[in-house]
Amino acid sequence: MVRTDKIRGLMAEQGVKHKDMAEAIHVTQKTWTLKMKTGKFGSDEMMIITEKLNIEDPASIFLARE
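Residues numbered from 1 in each chain as written. Predicted model: local features only at pLDDT ≥ 70, side-chain atom pairs only at ≥ 80, totals over all residues. Heavy atoms only, no water.

1. Let's talk about the nonpolar core
Thought 1: In this structure, Ile-7, Trp-32, Phe-41, Ile-49, Leu-53 and Phe-62 are the most contacted members of the largest nonpolar core, which totals 16 residues.
Thought 2: Counting only elements with at least two residues in this core, the list comes to α1 (4-14), α2 (18-24), α3 (29-38) and α5 (59-62).
Thought 3: Sequence-distant contacts of Phe-62, defined by excluding residues within four places in its chain, comprise Met-1, Val-2, Ile-7, Phe-41, Met-46, Ile-49, Thr-50 and Ile-55. (Core = buried A, V, L, I, M, F, W, Y, C linked by side-chain atoms within 4.5 Å. Buried < 20%, exposed > 50% of the residue type's maximum accessible area, 1.4 Å probe, protein only. Helix = DSSP H or I, 4+ residues; strand = E, 2+ residues; numbered from the N terminus. Contact = heavy atoms within 4.5 Å.)

See below:
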């Protein structure tokens, strides 16, 4: 389970807009919104998100247990 709530929180803290994240992973804003709803990201997308949001422990977000 991907902790999209944590991703949203980090984006808010750092002032990163959804548009910016969509552009960073090379998808449309609509696709970004869908990915955030479903929590389905490719490994390349996870790496980009981790770098863009300076996530120190990506496993706690992308490999979280329910």
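2. So, the pattern of salt bridges
Thought 1: In total, this model carries 2 salt bridges according to the counting rule given.
Thought 2: Note that Asp-5 is salt-bridged to Arg-3, the shortest N-O span being 2.7 Å.
Thought 3: Close ionic contact of Glu-45 with Lys-35 constitutes a salt bridge, the shortest N to O distance being 3.0 Å. Of this pair, Glu-45 sits in helix α4 (residues 43-52) while Lys-35 sits in helix α3, and the two are 10 residues apart along the sequence. Just as Glu-45 is buried, Lys-35 falls in that class too. (Salt bridge = Lys/Arg side-chain N within 4 Å of Asp/Glu carboxyl O.)

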